[in-house]
Amino acid sequence: MDPLSLTTLLAAAAMAGWVDAVVGGGGLLLLPALLVAAPGVPVATALGTNKLAAIFGTSTAAVTYARRTKIDWMVAGPSAGLAVCCAGVGAALAGSVPAGAYRPVVLAVLVSVALFVVFRPRLGVVAVPARRTRLRVVAAVAVAGVGVALYDGLIGPGTGTFLVVAFTALVGADFVHGSAMAKVVNAGTNLGALVVFAATGHVWWLLGVAMAVCNVAGAVVGARMALRRGAGFVRVVLLVVVFALVAKLGYDQWRAG
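Visitor: Would you take a moment to explain the overall build of the chain for this structure?
Guide: Scanning the chain from N- to C-terminus turns up 10 helices and 0 strands. Starting at the N terminus, the α and β elements of the chain follow one another as α-α-α-α-α-α-α-α-α-α. By the compact-globule yardstick of 18 Å for 257 residues, the chain fits well, its C-alpha radius of gyration being 17 Å. C-alpha extents for the chain along the principal axes are approximately 50 × 35 × 35 Å. Per-residue burial over the chain gives 56% buried out of 257 residues. For the chain, contacts bridging at least 24 residues in sequence account for 84% of all contacts bridging at least 6. Within the chain, the 6 negative side-chain charges are centred at a point lying 10 Å from the centre of the 18 positive side-chain charges.

Structure representation (structure tokens):
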């Protein structure tokens, strides 16, 4: 890999860490950057190397959130436990996904997320404790720990964003606390997927560690900024990130087609 490609990739890792810590979706920056910087890399290897970098960033963000805000462990704990196993199952199936297959899937889901957030302007701005019923907690654990975790192991990009929206929509968390829970679960999905990718030889360790350092730096800055500026800031960043990524992925899909 030439120095310019490596520098660009490390910068993308830092930005991805910031985005992941604030609202999730950093993989939609880092994974395409990795595929461009290393043409011909197998999708499973790109995913595995991305997971190595991401697990350090998400874990750092989770610790930062846990030190400064209250995390709903009754939701986040079981979700994270399930996520380790389910993301591992998804990772085991990742080799069967063609290089261009993830783009239309992620694009469709992101458009749905964007529309949902736009037409629910109060979603996540303030907490709605009354929404946290036993049934909704079970639903949130199932969606986050099984559905989103399988997706993360299989495809990956956008996982953090989907987790934040799930926790705000299902159990009434505001965006800051939803993001805090998402980081805990995302650390679990990254761990489960990384174990499988590593066991099958689909991790570039030296590159992944270098990316991890930059990812952690971005995650620390992002988590602190989200905590300082609050739920309104997180919502704005979520919408900006989602619309920017929809535009990019839409263009990539149009060009590929």
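Visitor: Please clarify how the pattern of salt bridges should be interpreted in this entry.
Guide: Oppositely charged side chains are able to pair whenever their charged atoms sit close together. Applying the stated criterion across every chain, the model contains 2 salt bridges. Ionic pairing is found between K51 and D152, a salt bridge with its closest N-O pair at 2.4 Å. With K51 in helix 3 (residues 43–68) and D152 in helix 6 (residues 134–154), this residue pair connects regions lying 101 residues apart in the sequence. For the residue pair K51 and D152, the accessibility class agrees, reading buried in each case. A salt bridge links R132 to D72; the nearest nitrogen and oxygen atoms lie 2.6 Å apart. Note that R132 is positioned in the loop between helix 5 (102–118) and helix 6 and D72 in the loop between helix 3 and helix 4 (73–92), a separation of 60 residues in sequence.

Visitor: Where do I start with the packing of aromatic side chains in this structure?
Guide: When we look at a pair of aromatic rings, we describe it by the centre distance and by the angle of the planes. Inspection of the entire model under this criterion finds 2 aromatic pairs. Considering the side-chain rings of W18 and F233, the 6.5 Å spacing of their centres and the 85° angle between planes classify their relative orientation as edge-to-face. Residue W18 is found in helix 1 (residues 3–22), and its partner F233 is found in helix 10 (residues 231–256); the two are separated by 215 residues along the sequence. Across the pair, exposure class does not vary: W18 and F233 are buried alike. Each ring, one from Y151 and one from F162, has its centre 5.5 Å from the other, and the planes form 65°; the classification is edge-to-face.

Visitor: Can you walk me through helix 6 in this structure?
Guide: Since one α-helical turn is 3.6 residues long, residues separated by three or four positions face the same way. With 21 residues, helix 6 extends 29 Å between its outermost C-alpha atoms, agreeing within 8% with the 30 Å of an ideal straight helix rising 1.5 Å per residue. Along its length, helix 6 shows its largest kink, about 30°, at V148. Among the residues of helix 6, those classed as buried are V137, A140, V141, A144, G145, V148, A149, Y151, D152 and G153. Following helix 6 by one or two positions, G156 adopts a phi angle in the positive range, close to 105°.

Procedures and definitions
- Residues numbered from 1 in each chain as written.
- Predicted model: local features only at pLDDT ≥ 70, side-chain atom pairs only at ≥ 80, totals over all residues.
- Heavy atoms only, no water.
- Helix = DSSP H or I, 4+ residues; strand = E, 2+ residues; numbered from the N terminus.
- Rg over C-alpha atoms; globule rule 2.2 N^0.38 Å.
- Buried < 20%, exposed > 50% of the residue type's maximum accessible area, 1.4 Å probe, protein only.
- Contact = heavy atoms within 4.5 Å.
- Lys, Arg positive; Asp, Glu negative; His and termini not counted.
- Charge placed at Lys NZ, Arg CZ, Asp CG, Glu CD.
- Salt bridge = Lys/Arg side-chain N within 4 Å of Asp/Glu carboxyl O.
- Phe/Tyr/Trp six-rings, centres within 6.5 Å; stacked < 30°, edge-to-face > 60°.
- Expected span 1.5 Å × (residues − 1).
- Bend = angle between axes of the 7 residues up to and from the residue.

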